[in-house]
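Geometric and topological summary
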Amino acid sequence: MAQLSDDCFAFSGPLLRLDDMERLIGERISPVVETERVPLHGARGRILSSDVKAPVNLPPFDNSAVDGYAVRHADLRPDGDTTLVVAGRLMAGARENLSLKPGEAVRIFTGAAMPKGADTVFMQEDVTVEDGRVTFPKGLKLGANRRLAGEDVPAGVTVLSAGTVLEAQHVALAAALGLTVLTVRRRLKVAIFSTGDEVVEPGAARSSTAVFDSNRILLMELLERLGAVVTDLGILADDPDRLSVKLRQAGSGHDLIITTGGVSTGEADYVRKAVETIGNLVFWRVAIKPGRPVALGVIPSGVGQGAAFVGLPGNPVAVFVTFVRVVRPLLRRLSGARPDKLVPLPVRAAFAYRKKKDRREYVRVALKRAPDGEIEAIKHPQDGAGILTSLTETDGLLEFPEDVTAIEAGARVGFLSYAALMG
Ligand code: AMP
Ligand code: MG
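Throughout what follows, the structure given in this document is the object of discussion. Since we're looking at a predicted model, the values are computed, not measured.

**A closer look at the overall build of the protein chain**
Tallying secondary structure elements over the protein chain gives eight helices and 28 strands in all. Relative to the globule expectation of 22 Å for 423 residues, the C-alpha radius of gyration of the protein chain, 30 Å, shows a markedly less compact shape. Overall, the C-alpha framework of the protein chain stretches about 95 × 55 × 45 Å when taken along its three principal axes. The 423 residues of the protein chain split such that 46% are buried. For the protein chain, the proportion of contacts with a sequence separation of at least 24, taken over those separated by at least 6, is 72%. Summing over all exposed atoms, the protein chain offers an accessible surface of approximately 20100 Å²; the carbon and sulfur share of this is 52%. Averaging the positions of the 52 positive and the 51 negative side-chain charges in the protein chain gives two centres separated by 2 Å.

Printed below as a string of structure tokens:
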């Protein structure tokens, strides 16, 4: 389904840096091409497939930003109060064509069209009204409290660009411009399964040596947040023949297949063998911690293009980190979204840390306001890749860049919230 060549993931270097990985994704993966038109309500989370130009000005006409009095600025005395006659009244939506004559003011309300000749609006709190006359203080600037037609968006300009992941504010802007539908890329179809003889469905009878599957629901939720349609293929035993059959079936009708577990170099790591048998597998030794090598490949389908394949590790924290740092950029690219710029926010490390050079490390932290007012990042006491509570008891990840080897307590470090990483 996806536009993938067999060697699109090929990479021969020893260790792939995250920024090189994102570059490779941009160069070698093409987004799905099919589009559909969706009503505004329901477009949130979808990926805009072409630029949207404003069909009208926003606001569509000059109007008042406040409740007050519209005047012509030239009538105001620069050196003292000015008193003018109130010549009319304009509510929002009023369609009268009032024209202001010299010496006149008009009572006006927020959103009402500016009367002809008026260019400035006084807030009602700033004036005194008596016997149909209104007195204004000096000093208000020309154009104050007036909103000009097109000052937000001039008709004809591009307001939303292709690749935008539509959020509430984007559809609100489209609505303000009078649009009712938007053209978006079709949703990605993603199949997932867990692997492992020891993995069982939550709620099922569990033998003393089995664990409940948490990776599949984790992936399902992460994928659905990103707008994918997920096919849940369940849990597969560590059996290469069965894995091959299932993978081959999933190759048709899906853009991407994601598995967890069974991709390291242990003897029971059959996912790797299964993919090698039916498709094309490469390993990206991504320079990232946590996250061991991530398996990538292409699984052919009977007809048309194959599906991309990503084999994630089995440990839940490694699944999470490799998902947000490897799968998410891949998914955004496939779905036609622009690469997003995740900007780590500066916080203060409450701990010292040593790391290897040339790899990017992610540390699970909770945020707390220190007595001096600064925001401090507290490292979770358990940093094993299997510790799920290290994700539920923290707020996000600190990102330590490749060139750094030591972080001292008190250092300024970059924080990425889970909300930002999953959005
Ligand atoms: P693996 O990569 O298959 O060697 O698995 C690494 C660790 O992750 C093992 O302790 C597995 O039991 C665990 N694991 C694998 N898959 C899952 C899953 N779906 N849910 C929870 N834990 C898992
Ligand atoms: Mg396993």
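**Brief notes about the sheet that holds strand E20 (residues 294-299)**
The strands making up a sheet associate through backbone hydrogen bonding, with each pair oriented either parallel or antiparallel. Strand order in the open sheet formed by six strands is E16-E13-E17-E21-E20-E18, with mixed pairing between adjacent strands. Looking along the sheet, the strands with just one partner apiece sit at the ends: strand E16 (229-236) and strand E18 (280-284). Strand-to-strand, the axes of this sheet are offset by a mean angle of 20 degrees, without reference to chain direction. Looking at chain direction, strand E13 (residues 189-195) and E16 are connected through six bridges and run parallel.

**Points about the environment of Val127**
Relative to the helices and strands, Val127 resides in the loop between strand E7 (120-123) and strand E8 (128-130). Separated by 44 residues in the primary sequence, Val127 and Thr83 have C-alpha atoms spaced 9.7 Å apart. When sequence neighbours within four positions are dropped, the list of residues in contact with Val127 reads Tyr69, Phe122, Val134, Thr135 and Phe136.

**Here we look at the sheet that holds E8**
The mixed open sheet is built from six strands, whose spatial order is E7-E4-E6-E5-E9-E8. Because the sheet does not close on itself, it has two edges, and the strands there are E7 and E8. Neighbouring strand axes in the sheet, compared pairwise and without regard to direction, differ in orientation by 35 degrees on average.

**Quick look at the site of ligand 1**
Around ligand 1, the surrounding shell holds 13 residues, and the nearest of these are Glu198, Asp213, Ser214, Gly262 and Gly314. At a separation of 2.5 Å, an oxygen atom of ligand 1 approaches a polar side-chain atom of Glu198. One of the side-chain N or O atoms of Asn215 is found 3.3 Å from a nitrogen atom in ligand 1. Alone, ligand 1 offers 490 Å² of accessible surface; in the complex the protein occludes 77% of this. By residue class, the composition of the shell around ligand 1 is two nonpolar, nine polar and two charged.

**Thoughts on the packing of helix H3 (residues 215-225) against helix H6 (residues 316-335)**
Packing of H3 against H6 leaves a shortest axis separation of 11 Å and a crossing angle of 30 degrees. What the angle tells us is that H3 and H6 run roughly parallel. Considering the relative orientation of H3 and H6, their crossing is right-handed. In contact with Asn215, Leu218, Leu219, Leu222 and Leu223 of H3, H6 contributes Pro316, Val319, Phe320, Phe323 and Leu331.

**A short note on the pairing of strand E22 (residues 345-349)**
When E22 meets strand E28 (residues 412-417), the two strands line up antiparallel, connected through four bridges. Residue pairing in the sheet places Arg348 in a bridge with Arg412 of E28. Direction of pairing for E22 relative to strand E25 (residues 375-379): parallel, over a ladder of two bridges. Opposite Arg348, over in E25, you have Glu376 as the bridge partner.

**What to know about the nonpolar core**
Within the largest apolar cluster, 51 residues are counted, with the highest numbers of intra-cluster contacts made by Phe9, Leu223, Ile258, Trp284 and Phe323. Ranked by the residues each element gives to this core, the list is headed by H6, at 11 residues. Ile258 has contacts with Val190, Ala191, Ile192, Phe193, Leu219, Leu223, Val310, Leu312, Phe323 and Val327, leaving out every residue within four places of it along the chain. The next biggest cluster of nonpolar side chains, apart from the first, holds 17 residues, and it includes Ala191, Ala274, Ile278 and Ala307.

**A few points about H3**
The set of residues buried in H3 consists of Asn215, Arg216, Leu218, Leu219, Met220, Leu222 and Leu223. Buried residues along H3 sit in contact with E13, E16, strand E17 (256-260), strand E21 (307-312), H6 and helix H8 (418-422). Trailing H3 by a residue or two, Gly227 shows a phi angle of about 90 degrees, which is positive.

Analysis parameters
- Residues numbered from 1 in each chain as written.
- Chains lettered and ligands numbered in written order.
- Predicted model: local features only at pLDDT ≥ 70, side-chain atom pairs only at ≥ 80, totals over all residues.
- Heavy atoms only, no water.
- Helix = DSSP H or I, 4+ residues; strand = E, 2+ residues; numbered from the N terminus.
- Rg over C-alpha atoms; globule rule 2.2 N^0.38 Å.
- Buried < 20%, exposed > 50% of the residue type's maximum accessible area, 1.4 Å probe, protein only.
- Contact = heavy atoms within 4.5 Å.
- Areas by Shrake-Rupley, 256 points an atom, 1.4 Å probe, with all protein chains shown as cover.
- Lys, Arg positive; Asp, Glu negative; His and termini not counted.
- Charge placed at Lys NZ, Arg CZ, Asp CG, Glu CD.
- Pairing = 2+ DSSP bridges.
- Axes fitted to C-alpha atoms, helices over the stretch in contact; angles between N-to-C directions.
- Near = heavy atom within 4 Å.
- Polar contact = N/O pair within 3.5 Å; in protein donor to acceptor, adjacent residues only side chain to side chain.
- Nonpolar A, V, L, I, M, F, W, Y, C, P; charged D, E, K, R; others polar.
- Parallel < 35°, antiparallel > 145°, perpendicular 65-115°, else oblique.
- Left-handed = near helix turned anticlockwise from the far one by under 90°.
- Core = buried A, V, L, I, M, F, W, Y, C linked by side-chain atoms within 4.5 Å.

Scope: geometric values only; no functional claims are made or implied.
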